[in-house]
Amino acid sequence: MGEFTVKSTPQHVASGDEISLRGLLQAMVDTRLIRAIDAELPALLHRMAPETRSEVWLLCALVSFQYGRGHTCIPWETFCKHADQLLGIDEGALARLSERQQKAWRTHLRALQEMSSAALLESPWIAASAGEQGVVQEAPLTWSQGRFYLTRLFLAERQVRAAVTARLQPLAFDSDVLQAAIAEVFEPDQVRVQGVIHWQSLACALAAQRPFTIITGGPGTGKTTTVVRLLAVLQRVRAGQARIQLAAPTGKAAARLTESIRDKIQELPDGLGHGIPAEVVTLHKLLGARPHRRAFLHNRHNPLQVDVVVVDEASMIDVEMMASLMDALPPQAQVILLGDKDQLASVEAGSVLGDFCAGAERGGYRKETLDLLLPYTTGDLNAFAGAGSDYNQATVMLRESHRFGADSGIGQLAGAINRGESVQSDFFERFADIQWFEGTEALDALRKLCVTGYASYLKTMQTGPIAQGASDSADTENTVQRQADIWAKQVLRAHRDFQVLVALRTGPWGISGLNETIADWLNRAGLIAQTHGWYVGRPVIVQRNNYALKLMNGDIGLTVRDPISGSLRVVFEQPDGQIKWVLPSRLADVETVYALTVHKSQGSEFTHTVLVLPDAMNPVLTRELVYTGITRASHQFTLVTPEARILAQAIQTRVIRSSGL
Ligand SMILES: Nc1ncnc2c1ncn2[C@@H]1O[C@H](COP(=O)(O)OP(=O)(O)OP(=O)(O)O)[C@@H](O)[C@H]1O
């Protein structure tokens, strides 16, 4: 907190044994209970508009703190009754403060809880929202529908709501034309089984008729398959004229989807792939992100030239990104979101897909939605009728996994965890594709897994490119580069065979500890020559968007010896499949990634995924985290837990994010 002169300080000043609020907030920053910005924000606002009530200072710090934890707002009633639970600052966490500081926290918190919202609204820092349309007063905090927001977040939520509401009216369609188009892309014997609801074709039917649709489903339920067929349907009913854009929140997800969409287009009946783009771009690229600028190039004043936008891996979209996307779309553009609602939400604030999909299992279809669906199924939709939210009317949930059948441990385990069932070791013994190492055997098992698992790409790397003949020198140069690219791609693909995922950043079972430990194991096994600095085989993850190099936060590259120059390079696969060769010295914000956080793994898939949970409970260990970790595995999943009980505790802990969507 910088030095400054204040006209007046909060009423609650240190006197005798008491601790001032500012002193307390600083102590909470020092003990990492809150972020420095949370304590600085009220001090900064005070300079611009003096506020003397300590309760408002605390409220401001806590709204900021909750934003940092992914919540868009503080629901006031819940806060007044269950602040500890809402904030996650319980007795255990408070133990980091001295007894006097803990007492001061309790006193300040109680004083805030006892304030009425009306009294808080007297502060120059807080404006009451003027509803869904009205102009928001220029105050840093907003009060709306019983919640306190940072105004920026309130505006983002309001914009998302407004854009979705504006897209609730169905589009006019000739149902015969739509039915014919759907029949063309789906195998008729699948869709028309009497009395069976074929959710994939219903998703197409709903999405073709609605300007805004959500298609959600677990791993392998056919989201990508469905969306490619849907796009073929849309082109059919729009005479091939629809301008379609495909996007994903991260570069990794965009790259993976580009690959699977290309395959799925090939599977379409002849001629139906026309007009479906094969490239998936990042949302940042779609919206026109610019270096050092918060605002995107595209917005309501400079909208995207599109008719249909599909965003996959939508669980990773935060509320501000969603608002920016909706702002950049022309009013008539159709929006289709795809994603698994049960996965972890974005690291940033909001859980847009989760909020949209609340109640999606039940369907909750009102009559007007049933009317849109019934012509397209012979199944009985009565069980899915109801009085669901507006979002429910725009949502179809795919319910059958085509990748993981009844004999798949990965599918069964993901389902059980999702339902909150307690899973014991005998569960793992029933299936060949899942295993669990726990307790004292955990560390040694992990070592063996890593040495075998990471040997795959490290050995592919050692073979080097395969030389093929070329006719002249220019041709030779191109051929050598092409061979190097093919080899780099093989190495990068082999790297996806195996990945260790962790929950935490710090500690021996977090990123920092395990990266060192695994490097040491691989070094001892003779697979890498050194464990620090740049060396052949070092996998790295980009930590911050690098617009100059066109590398995005979360991109993973591998350090190889460039077969042409003989020096070290880091290779990355771009979303369009091209290989980028980067000098290590140009990569400032990267970190070794033998262990990857589950958060950063979203949108990626690995043949064999190993999820390592730490030996003590931590607030980030949740059901959603475990589920997301398991569903990154395509063929083999291994759980490693030095403390078996942590799994059960994590499954019982849910991510609940406050939002007003
Ligand atoms: N109706 C279907 N009948 C048979 N196989 C299907 C059907 N739909 C999808 N599949 C197959 O199931 C597998 C998973 O499909 P897809 O990749 O579309 O699912 P997804 O939900 O996008 O998966 P994820 O997001 O987990 O990668 C693919 O091999 C696909 O060909």
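Residues numbered from 1 in each chain as written. Predicted model: local features only at pLDDT ≥ 70, side-chain atom pairs only at ≥ 80, totals over all residues. Heavy atoms only, no water.

## A word on the packing of helix H9 (residues 175-185) against helix H12 (residues 223-237)
Quick reminder of the rule: Only the stretch in contact is used when a helix axis is fitted, and all axes are lines through C-alpha atoms; the angle between N-to-C directions ranges over 0 to 180 degrees. Every helix listed is a DSSP run of H or I at least four residues long, and every strand listed is a run of E at least two residues long, numbered separately from the N terminus. By the definition adopted for this analysis, an angle is roughly parallel if under 35 degrees, roughly antiparallel if over 145, roughly perpendicular if from 65 to 115, and oblique otherwise. Note on convention: near helix rotated counterclockwise from far helix by under a right angle means a left-handed crossing. Clockwise means right-handed. Any two residues having at least one pair of non-hydrogen atoms within 4.5 Å are treated as being in contact.
In the contact formed by H9 and H12, the axes pass within 9 Å of each other and the chain directions differ by 140°. In terms of their interaxial angle, H9 and H12 are classed as oblique. Like other packed secondary-structure pairs, H9 and H12 cross with a definite hand, here right-handed. Residue-level contacts link Val177, Leu178, Ala181, Ile182, Glu184 and Val185 of H9 to Arg229, Ala232, Val233, Arg236 and Val237 of H12.

## Looking at the side chain of Thr226
Following the sequence through the fold, Thr226 ends up in helix H12. Thr226 has contacts with Gln200, Ala203, Cys204, Ile215 and Leu398, leaving out every residue within four places of it along the chain.

## Regarding the sheet that holds strand S1 (residues 73-75)
The line we're drawing: A pair of strands is labelled paired if DSSP reports no fewer than 2 bridges between them.
Read across the sheet, four strands follow the order S1-S4-S3-S2 without closing on themselves; strand pairing throughout is mixed. Each of the sheet's edge strands pairs with one partner strand only, and the pair in question is S1 and strand S2 (126-128). If you compare each strand with its neighbour and ignore which way they point, the axes differ by 25° on average. Here S1 runs beside strand S4 (residues 147-150); their pairing, made up of three bridges, is antiparallel. Across the sheet, the residue bridging to Cys73 is Tyr149, located in S4. Strands S1, S2, strand S3 (141-144) and S4 of the sheet are contacted by helix H3 (residues 54-68), whose axis makes an angle of about 70° with S4. Across the face of the sheet, helix H4 (residues 76-87) comes into contact with S1, S3 and S4 while running at roughly 105° to S1.

## Observations concerning the site of the ligand
Here is the rule: Neighbouring residues are identified by heavy atoms, a residue being near a molecule or strand if any of them is within 4 Å of it. Polar contacts, as counted here, are pairs of nitrogen or oxygen atoms within 3.5 Å of one another; within protein the pair requires one atom able to donate a hydrogen and one able to accept it, and residues that are adjacent in sequence qualify only if both atoms are side-chain atoms. Shrake-Rupley sampling with a 1.4 Å probe provides the accessible areas, and residues are treated as covered by the protein chains on show and by no other component.
The environment of the ligand is made up of 15 residues, and the closest members are Gly220, Lys223, Thr224, Thr225 and Arg403. Contact between the ligand and Thr221: an oxygen atom at 3.3 Å from a main-chain N or O atom of the residue. Thr224 has a polar side-chain atom sitting 2.6 Å from an oxygen atom of the ligand. For the ligand, whose accessible area on its own is 630 Å², the fraction buried by protein is 76%. Elements that contribute at least two residues to the shell around the ligand include exactly H12 and helix H13 (251-267). Sorting elements by how many residues they give to the shell around the ligand places H12 first, with three residues.

## Quick word on the environment of Leu24
Just so we agree on the cut-off: Partly exposed residues are those whose accessible area sits between 20% and 50% of the maximum for their type, while under 20% is buried and over 50% is exposed, using a 1.4 Å probe and protein chains only.
Along the polypeptide, Leu24 turns up in helix H1 (residues 21-30). The class for Leu24 is buried, based on a relative accessible area of 0%. Distance in space between the C-alpha atoms of Leu24 and Leu458 is 51 Å, their sequence separation being 434 residues. Once you skip the residues sitting within four places of it in the chain, Leu24 turns out to touch Ile19, Leu97, Gln101, Ala104, Trp105 and His108.

## Some details on the UniProt feature "domain: AAA+ ATPase" (unreviewed entry) in the chain
Applicable threshold: UniProt positions are given in the numbering used here, feature names are shortened, and annotations may be inferred rather than shown by experiment.
Under the local residue numbering, the UniProt record ascribes the feature "domain: AAA+ ATPase" (unreviewed entry) to residues 209-373. Regarding residues 209-373, the helix share stands at 36% and the strand share at 15%, and the terminal C-alpha atoms are separated by 9 Å.

## Focus: the UniProt feature "binding site: ATP" (unreviewed entry) in the chain
Under the feature "binding site: ATP" (unreviewed entry), the UniProt entry names Gly217, Gly218, Pro219, Gly220, Thr221, Gly222, Lys223 and Thr224. Beyond its immediate stretch of four places on either side in the chain, Gly217 contacts Lys223, Gly339, Asp340 and Leu398. One can find Gly218 in the loop between strand S5 (212-217) and H12. Take Gly218: its relative accessible area is 17%, and that puts it in the buried class. With residues up to four places along the chain from it excluded, the contact list for Gly218 reads Lys223, Asp340, Leu398 and Tyr627.

## Some words on the packing of aromatic side chains
Two aromatic rings are characterised by how far apart their centres lie and by the angle between their planes. Which entries qualify depends on this criterion: Any pair of Phe, Tyr and Trp rings, taking the six-membered ring for Trp, is counted once the centres come within 6.5 Å. Such a pair is stacked with planes under 30 degrees apart, edge-to-face with planes over 60 apart, and tilted for the rest.
If you walk through the whole model with that rule in mind, you get 14 aromatic pairs. Residues Tyr149 and Phe154 carry aromatic rings whose centres are separated by 5.4 Å and whose planes lie at 65° to one another, so their mutual orientation is edge-to-face. Taken as a pair, Tyr149 and Phe154 share a single burial class, namely buried. Centroid distance Phe212 to Phe356: 5.5 Å. Interplanar angle 80°. Geometry classified as edge-to-face. On the criterion of sequence distance, the pair formed by Phe212 in strand S5 and Phe356 in helix H16 (residues 352-356) is long-range, its members being 144 residues apart. With relative accessibility at 1%, the residue Phe212 sits in the buried group. These aromatic residues form a ring-pair network of at least three members: Trp76, Phe79, Trp143 and Phe148.

## Concerning the layout of surface pockets
Applicable threshold: Cavities and pockets were defined on a 1 Å grid built over protein atoms only: a cavity is a set of grid points that admits a 1.4 Å probe from which the probe cannot escape, a pocket is an open set flanked by protein on both sides within 12 Å along at least five of seven lines, and lining residues are those with an atom within 4 Å of any such point. Grid points are joined across faces, edges and corners, and a volume is the space filled by probe spheres set on the points. Residues are grouped as follows: Ala, Val, Leu, Ile, Met, Phe, Trp, Tyr, Cys and Pro are nonpolar; Asp, Glu, Lys and Arg are charged; every other residue, Gly included, is polar.
A volume near 2100 Å³ is recorded for the largest pocket. Contributing elements (two or more residues each) for the lining of the largest pocket: H3, H4 and helix H24 (598-601). Per-element accounting of the lining of the largest pocket gives the leading share, six residues, to H4. When its residues are assigned to classes, the lining of the largest pocket shows 17 nonpolar, 16 polar and 11 charged.

## What to know about the pattern of salt bridges
It is possible for side chains bearing opposite charge to pair when their charged atoms get close. What counts is decided by this rule: Any carboxyl oxygen of Asp or Glu that lies within 4 Å of a side-chain nitrogen of Lys or Arg is treated as forming a salt bridge with it.
Applying the stated criterion to the full structure yields 27 salt bridges. Between Lys367 and Asp371 there is a salt bridge, and its shortest N-O distance comes to 2.7 Å. One end of the pair is Lys367 and the other is Asp371, both in helix H17 (residues 367-373) and four residues apart, which spans about a single turn. Classification of Lys367 as exposed rests on a relative accessible area of 60%.

## Focus: the packing of helix H21 (residues 442-463) against helix H23 (residues 511-524)
Where H21 meets H23, the closest approach of the two axes is 9 Å, and the angle between their N-to-C directions is 70°. Relative to H23, H21 is oriented roughly perpendicular. In terms of crossing hand, the pair formed by H21 and H23 is right-handed. Residues Leu443, Leu446, Arg447, Cys450, Val451, Tyr454 and Leu458 of H21 form the contact with H23, whose participating residues are Leu514, Ile518, Trp521 and Leu522. Of the residues that constitute the contact of H21 with H23, the class distribution is 10 nonpolar, no polar and one charged.

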